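Residue strings, one per chain:
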Amino acid sequence: MNDRFDLVVRNAVAVTAGDVQRCDIGVRGGRIVALAERLGPGEREIDAAGRTVTPGGVDGHCHLDQPMPAPMRMADDFLTGTRSAACGGTTTVIPFAAQKKGESLREAVEDYHRRAEGKACIDYAFHLIVSDPSERVLRDELPQLIRDGCTSFKVYMTYDDLKLSDRQILDVLEVARREGAMAMVHAENSDCIAWLTEKLVASGHTAPRHHADSRPAPVEREATHRAITFSELLDVPILIVHVSGADALEQIRWAQGRSLNIYAETCPQYLLLTAEHLGLEGFQGAKYVCSPPPRDKANQQRIWDGLAKGAFHVFSSDHAPFRYEDAHGKKLGGKEVAFQYIPNGIPGIETRLPLLFSEGVGEGRIDLHQFVALTATNPARMYGLYPRKGTIAVGSDADLVIWDDQREQTIGNAMLHHAVDYTPYEGMRLRGWPAVTLSRGEAVWEDGEFRGRAGRGEFLKCGLPDPARPRTRAAGA
Ligand code: DUC
Ligand code: ZN
Ligand code: ZN
């Protein structure tokens, strides 16, 4: 038998959520099979030469080729989106298979498989978006899809084409509890947004910056508290996504202080952007329209504190890619439209890890173990992919990032690999960038080039996430 490894990564400083070891990493058949001070030869060897090696990133919240109401269209499909992710150190993405109201959830998933197959360059799983919890969806489709490996889903408290009533959310959470799935919640009060929008538009305030005025912090705070209440009523864990500032975070901390099972996510835009970006001259502010909107510097600081102190569990991109100069994108229909029609979302799948590595670890706000936990280990746990994904251990997939820890890099859209025509982080100076990204032992990013290929990514069936288990349910029940 040939006992050579397929690949040996030598002299790594391998950092996980809990440990650091100086070791060689031996890979066979796409999996890590040995970690030791000195391993035998490999068909291929990469000398990491004392460099930091982390688990490949797991982006637990991104949107790729998600069908949108016309004429909106996402810029990234599974090819360009996963290519961009790989070049930024991410090796697993979990975008959303979204049900349209009146349609079958199962058909939405089948359609989404067709969009991914033959295109994805790295591994992927699906969250579901439940927008129409009919009897059939609740009784048959959702439980069956959970058993088929889509073990997490998102519910919206706003957006007319997606939002659920409180009662519908309770129905869906009941299924999550019974089946052991993780429920993610977009928490903003829909009626408040509609009311504020009407007032703003009536007084002629239609520029992009008024997007932030239509969704102020109390709108997010109220909905966050309401979602927490639902979670408490049903004794079911939930994960509040894209938390933007102090108000919502206060509710989350309050709930966590009462030992409720509330998990939380934040994203780069709430650490690094502010509502002032929405006020950039002309229509430029449209590039920063996302929901909830970025807040202010004081709120950024509170989000950093939340990351450092453990209030947040996952750090995702919420990559929602729309081109700026595009009639399918921010200039919808070819016009500088009023703020309420600007497609919501910003790109960031490639910059997520480098931003947190530089601004978080490099600036001393969090440590490397927290970085790994937030960007890889915890999302893998929350969504039933651990320990196949999200760590460096014997038996795990050989999804790794070898960091060029000291590389000075100024972000520019020209260097990124998405299909969007701008980055909100243009001109930001970072220290540290992925030198090599390995996906199941194959280099997909190396020497400044994308080395993957369309269709090599595999669909991952997720297990039932441990953190989704209700507290009162006996172990193994
Ligand atoms: N919610 C998301 O999760 N992503 C993009 C826009 C939004 O409102
Ligand atoms: Zn959302
Ligand atoms: Zn999103």
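As a reminder, the structure under discussion sits directly above these lines.
Since the model is a prediction, treat every value here as computed from it, not as a measurement. (Residues numbered from 1 in each chain as written. Chains lettered and ligands numbered in written order. Predicted model: local features only at pLDDT ≥ 70, side-chain atom pairs only at ≥ 80, totals over all residues. Heavy atoms only, no water.)

A.B. asks: Describe the overall build of the protein chain, listing the residues and the values that go with them.
C.D. replies: Within the protein chain one finds 12 helices and 19 strands. Compactness check: the protein chain gives a C-alpha radius of gyration of 21 Å against a globular reference of 23 Å for 477 residues, within 12% of the reference. The principal-axis extent of the C-alpha atoms belonging to the protein chain is close to 70 × 55 × 40 Å. Among the 477 residues that make up the protein chain, the fraction classed as buried is 60%. For the protein chain, long-range pairs separated by at least 24 residues make up 77% of all intrachain contacts whose partners lie at least 6 apart in sequence. Roughly 17,900 Å² of accessible area belongs to the protein chain as shown, and the carbon and sulfur atoms make up 46% of that amount. (Helix = DSSP H or I, 4+ residues; strand = E, 2+ residues; numbered from the N terminus. Rg over C-alpha atoms; globule rule 2.2 N^0.38 Å. Buried < 20%, exposed > 50% of the residue type's maximum accessible area, 1.4 Å probe, protein only. Contact = heavy atoms within 4.5 Å. Areas by Shrake-Rupley, 256 points an atom, 1.4 Å probe, with all protein chains shown as cover.)

A.B. asks: Could you give an account of the packing of aromatic side chains, naming the residues involved and the relevant values?
C.D. replies: Taken as a whole, this structure holds 12 aromatic pairs when the rule is applied. Between Phe126 and Phe459, the aromatic rings sit 5.1 Å apart at their centres with planes inclined by 55°, giving tilted as the arrangement. Of this pair, Phe126 sits in the loop between strand E9 (123-124) and strand E10 (127-129) while Phe459 sits in the segment after strand E19 (449-450); the two residues are 333 residues apart in sequence, bridging distant segments of the chain. Site record: aromatic cluster; members linked through ring pairs are Phe78, Tyr112, Tyr124, Phe126 and Phe459. Between Lys287 and the ring centre of Tyr324, over which it is positioned, the NZ or CZ distance is 4.8 Å. (Phe/Tyr/Trp six-rings, centres within 6.5 Å; stacked < 30°, edge-to-face > 60°. Lys NZ or Arg CZ within 6 Å of the ring centre and 35° of its normal.)

A.B. asks: How would you summarise the pairing of strand E5 (residues 52-55) if you had to cite specific residues and measurements?
C.D. replies: The pairing of strand E1 (residues 5-15) with E5 spans two bridges and is parallel. Bridge pairing in E5 links Val13 to Thr52. Across three bridges, E5 lies against strand E16 (residues 400-410) in antiparallel orientation. Within E16, the position partnered with Val53 by the bridge is Ile402. (Pairing = 2+ DSSP bridges.)

A.B. asks: Please provide a residue-by-residue account of the coordination of the zinc ion (ligand 2), values included.
C.D. replies: Protein coordination of the zinc ion (ligand 2) is provided by Lys154 (NZ), His186 (ND1) and His242 (NE2), with donor distances spanning 2.1 to 2.2 Å. Each donor residue of the zinc ion (ligand 2) belongs to the same chain, and together they define the spacing K-x31-H-x55-H. If you look at the zinc ion (ligand 2) and the zinc ion (ligand 3), they sit 4.2 Å from each other. Taken together, the positions of His186 in strand E12 (residues 182-186) and His242 in the loop between strand E13 (238-240) and helix H8 (246-257) put the pair 56 residues apart, joining distant regions of the chain. (Donors = N, O, S within 2.8 Å, 3.2 Å for Na, K, Ca; no water.)

A.B. asks: I'd like to hear about the state of the cysteines, residue by residue, with values.
C.D. replies: Going through the model one piece at a time under the given rule, you end up with zero disulfides. The thiol of Cys290 is not disulfide-bonded; the next cysteine sulfur, from Cys267, is found 8.2 Å away. Cys150 supplies the cysteine sulfur nearest to Cys462, a cysteine that is in no disulfide, at a spacing of 7.1 Å. Using a relative accessible area of 6% as the deciding quantity, one classes Cys462 as buried. (Disulfide = S-S within 2.5 Å.)

A.B. asks: Go over the packing of helix H11 (residues 352-362) against helix H12 (residues 368-382) with me, naming the residues and quoting the values.
C.D. replies: Relative to each other, H11 and H12 sit at 150°, their axes nearing to 10 Å. Classed by the angle they form, the pair H11 and H12 counts as roughly antiparallel. Between H11 and H12 lies a crossing of right-handed hand. In this structure, H11 uses Arg352, Leu353, Leu356, Phe357 and Val361 to contact H12, whose residues at the interface are Leu368, Phe371 and Thr375. Within the contact of H11 with H12, the residues separate by chemical class into six nonpolar, one polar and one charged. (Axes fitted to C-alpha atoms, helices over the stretch in contact; angles between N-to-C directions. Parallel < 35°, antiparallel > 145°, perpendicular 65-115°, else oblique. Left-handed = near helix turned anticlockwise from the far one by under 90°. Nonpolar A, V, L, I, M, F, W, Y, C, P; charged D, E, K, R; others polar.)

A.B. asks: Could you give an account of the coordination of the zinc ion (ligand 3), naming the residues involved and the relevant values?
C.D. replies: The zinc ion (ligand 3) binds to the protein through His61 (NE2), His63 (NE2) and Asp318 (OD), with metal-donor distances spanning 1.9 to 2.0 Å. Motif for the zinc ion (ligand 3), donor spacing along one chain: H-x1-H-x254-D.

A.B. asks: Any details on the site of ligand 1? Residues and values, ideally.
C.D. replies: Residues in contact with ligand 1, as listed here, are His61, His63, Lys154, Tyr156, Tyr159, His186, His242, Ser291, Asp318, Ala320 and Asn344. Between ligand 1 and His61, the relevant distance is 3.0 Å, taken from an oxygen atom to a side-chain nitrogen or oxygen of the residue. Between ligand 1 and the protein, one listed contact pairs an oxygen atom with a side-chain N or O atom of Tyr159 at 2.3 Å. Protein chains bury 96% of the 240 Å² of accessible surface belonging to ligand 1 in isolation. A breakdown of the residues in the shell around ligand 1 according to their chemical character gives three nonpolar, six polar and two charged. (Near = heavy atom within 4 Å. Polar contact = N/O pair within 3.5 Å; in protein donor to acceptor, adjacent residues only side chain to side chain.)

A.B. asks: Before we move on, can you summarise the sheet that holds strand E6 (residues 57-59) with the specific residues and values?
C.D. replies: Read from one edge to the other, the open sheet built from three strands follows the order E6-E7-E9, with strand pairing classed as parallel. Of all strands in the sheet, those with a lone pairing partner are E6 and E9, marking the two edges. When E6 meets strand E7 (residues 90-93), the two strands line up parallel, connected through three bridges. When the bridges of E7 are listed, Asp59 appears paired with Val93.

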